[in-house]
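# Architecture and fold: a report
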Amino acid sequence: MSARSRSGVEFGVIGGGLVGAAVAYGLMRKGRQVALFDEGDVAFRASRGNFGLVWAQGKGDKLEDYAPWAREGAAMWGDFAKELTASTGVDLELEQRGGFVFCADEVALQARAEIMERLYKRSGLQFEVMRPAQIARFMPGVSANFAGATYTDEDGHANPLKLLRAFHAALAANEGSLRRGARVDRIEPLSGGGYRIATAESTVECGSVVLAAGLGNILLAKCLGVTLPIKPMRGQILVTERYEKVLSVPSENVRQTQDGTFLLGGSWEDVGYDTSTTFDVTRDIAALVVRYFPFLEKVRLVRSWSALRILAPDNAPIYDEIAPGAFLVTCHSGVSLAAIHADRVAGWISAGSIPKEAAAFSLNRFTEADRREYAVG
Ligand SMILES: Cc1cc2nc3c(=O)[nH]c(=O)nc-3n(C[C@H](O)[C@H](O)[C@H](O)COP(=O)(O)OP(=O)(O)OC[C@H]3O[C@@H](n4cnc5c(N)ncnc54)[C@H](O)[C@@H]3O)c2cc1C
């Protein structure tokens, strides 16, 4: 082990997944001095295992303020992607021409439409309920063997791996900002304000610290005496061989990437920290998507993976200052919210506090029962 070095920065951001990288990138763009500490792929990393939707529809049913926030986040994506691509040369493969959520039967479609109606009142997000014949205009090859789908023209998808690569490239271009393979073991408040961040290799003092380490935040927050109500929720995703480009918009179960593969998913499984893939879930995902798109039966699966979502009891983000100058940023929708994290959330942190209008996203909203159920070790 090398001798421990000491240095100081304005902001220490812990976690180099999509959330921490977005905040660090945003702080850097605002001219702030940032060090991003990332343990790397040995840690749980939702950012390398997600579906890549840039999605507003359906968000905010349990937390009212999340509906307009998610809509604004999706709306910011176009300009954000242009800027990030211009500065890094990485094409994020953004397509934002609409998106569907399929419903197998009439009961599910009716329930979905009611949720979308409630969310429309909260955020103004327009939606349509479409039957399979209408959906076929956007998604050739769709079957008539299901009730229908909700559709909004504000949703879309991007390549999440390229998004992560672009954030890291932007940070790496600023010497000292990206510290890879740097697992933070301890955060300690300094007597005169600020924090000491300790890795195995070094100790760094910073004015403010941002906990943005996904599930790793559970341990980090404990250093500051805070128990977080978040838990892992496994999702399995299947990948097919390449196919001619047929789908111009994604759905929550099927999206075709720019290179022609289909991503099929994704399960929601409350199985703790188990990241295996399983035969039964693979079979169920494949059966459902073949029901919607019969031509997929003849397209070969080449790969599958699982990753752990970072879930709060209401599926909404948490933004809070959990100790003076120590900010917590975590969410389940790190792709969809990447633009708004880099802009608005980084702006709050740069200014030194979470504003009152974002109070709905604080930890205070959770009940004791939420905390008991979600505060896993
Ligand atoms: C199956 C699945 C599908 C999804 N689909 C979508 C989607 O379509 N659209 C969407 O918007 N979102 C989606 N998500 C959610 C999205 O992937 C996550 O919201 C996002 O990746 C969370 O990013 P994060 O940075 O908070 O966490 P992570 O990606 O888990 O990253 C955490 C980072 O912190 C680092 N770390 C942990 N502990 C420490 C420590 N002590 N010190 C230093 N570093 C540490 C790790 O190395 C890691 O890099 C999906 C997630 C899953 C699992």
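None of the values given here were measured: they were computed from a predicted structure.

### Remarks on the overall build of the protein
From N to C terminus, the protein includes 10 helices and 17 strands. A compact globule built from 377 residues would reach a C-alpha radius of gyration of about 21 Å, and the protein, at 21 Å, matches this within 12%. In terms of its C-alpha atoms, the protein occupies a principal-axis envelope of roughly 65 × 40 × 40 Å. Taken over 377 residues, the protein has a buried fraction of 54%. A separation threshold of at least 6 residues defines the contact pool for the protein, and within that pool the share at least 24 residues apart is 75%. Summed over all atoms, the accessible surface of the protein reaches about 15800 Å², with 50% contributed by carbon and sulfur. Charge-centre separation for the protein: the mean point of 42 positive side chains lies 2 Å from the mean point of 44 negative side chains.

### Re the domain arrangement of the protein
When its domains are assigned, the protein resolves into domain 1 (5-53 + 161-229 + 314-374), domain 2 (99-153) and domain 3 (231-311). Counting residues at the interface gives 17 residues for domain 1 and 21 residues for domain 3. Around 1700 Å² of area is buried between domain 1 and domain 3 when both sides are counted, 71% of it from carbon and sulfur atoms. Its largest share of buried area at the contact with domain 3, domain 1 owes to Phe-51, Leu-215 and His-332, together 39% of the area lost on that side. Linking domain 1 to domain 3 there are 1 salt bridge. In this structure, the salt-bridge partner of Glu-373 is Lys-231, at a minimum N-O distance of 3.8 Å. For the side of domain 1 that touches domain 3, the residue count by class is 9 nonpolar, 7 polar and 1 charged.

### Comments concerning the sheet that holds strand E4 (residues 99-103)
Judged by pairing direction, the sheet is antiparallel, and its 3 strands sit side by side in the order E4-E6-E5 without closing on themselves. Pairing within the sheet leaves two strands with one partner each, and these edge strands are E4 and strand E5 (128-130). Strand after strand, the sheet turns through a mean of 25 degrees between neighbouring axes, direction not considered. Alignment of E4 against strand E6 (residues 148-152), held across 5 bridges, turns out to be antiparallel. By the bridge assignment for E6, Cys-103 is matched with Gly-148. Sheet contacts for helix H4 (residues 106-123): E4, E5 and E6; angle to E6, the most-contacted strand, approximately 20 degrees.

### Remarks on the packing of helix H1 (residues 18-29) against helix H6 (residues 160-172)
With their axes 9 Å apart at the nearest point, H1 and H6 run at an angle of 40 degrees to one another. Here H1 lies oblique to H6, going by the angle between them. Once H1 is placed against H6, the crossing between them reads as left-handed. Where H1 abuts H6, its residues Leu-18, Ala-21, Ala-22, Ala-24, Tyr-25 and Met-28 lie against Pro-160, Leu-163, Leu-164, Phe-167, His-168, Ala-170 and Leu-171. Residues of the contact of H1 with H6, tallied by class, amount to 12 nonpolar, 1 polar and no charged.

### Focus on the site of the ligand
Not every one of the 40 residues close to the ligand is listed here, only the nearest: Asp-38, Arg-45, Ser-47, His-332 and Gly-334. For the ligand, an oxygen atom lies 3.2 Å from a polar atom in the side chain of Asn-50. In the environment of the ligand, a nitrogen atom lies 2.8 Å from a nitrogen or oxygen atom belonging to the backbone of Val-184. Protein burial of the ligand: of its 1000 Å² of free accessible surface, 96% is covered by the chains. Every element with two or more residues in the shell around the ligand is listed here: H1, strand E2 (34-38), strand E12 (231-242) and strand E15 (301-311). It is E15 that provides the largest number of residues to the shell around the ligand, a total of 4 residues. For the shell around the ligand, the class distribution of residues is 19 nonpolar, 16 polar and 5 charged.

### Some details on the sheet that holds E15
Strand order across the open sheet formed by 4 strands is E13-E14-E12-E15, with antiparallel pairing between neighbours. Only two strands of the sheet have a single partner each, and these edge strands are strand E13 (254-256) and E15. Pairs of neighbouring strands in the sheet enclose a mean axial angle of 25 degrees, with direction left out of account. Pairing geometry for E13 and strand E14 (residues 261-264), over 3 bridges, is antiparallel. Considered in E14, the bridge of Val-254 is made with Leu-264. Along the sheet, helix H8 (residues 279-292) contacts E12, E13, E14 and E15; its crossing angle with E12, the most-contacted strand, is approximately 60 degrees.

Parameters at a glance
- Residues numbered from 1 in each chain as written.
- Predicted model: local features only at pLDDT ≥ 70, side-chain atom pairs only at ≥ 80, totals over all residues.
- Heavy atoms only, no water.
- Helix = DSSP H or I, 4+ residues; strand = E, 2+ residues; numbered from the N terminus.
- Rg over C-alpha atoms; globule rule 2.2 N^0.38 Å.
- Buried < 20%, exposed > 50% of the residue type's maximum accessible area, 1.4 Å probe, protein only.
- Contact = heavy atoms within 4.5 Å.
- Areas by Shrake-Rupley, 256 points an atom, 1.4 Å probe, with all protein chains shown as cover.
- Lys, Arg positive; Asp, Glu negative; His and termini not counted.
- Charge placed at Lys NZ, Arg CZ, Asp CG, Glu CD.
- Domains from an automatic or database assignment.
- Buried area = accessible area lost by both parts, 1.4 Å probe.
- Salt bridge = Lys/Arg side-chain N within 4 Å of Asp/Glu carboxyl O.
- Nonpolar A, V, L, I, M, F, W, Y, C, P; charged D, E, K, R; others polar.
- Pairing = 2+ DSSP bridges.
- Axes fitted to C-alpha atoms, helices over the stretch in contact; angles between N-to-C directions.
- Parallel < 35°, antiparallel > 145°, perpendicular 65-115°, else oblique.
- Left-handed = near helix turned anticlockwise from the far one by under 90°.
- Near = heavy atom within 4 Å.
- Polar contact = N/O pair within 3.5 Å; in protein donor to acceptor, adjacent residues only side chain to side chain.

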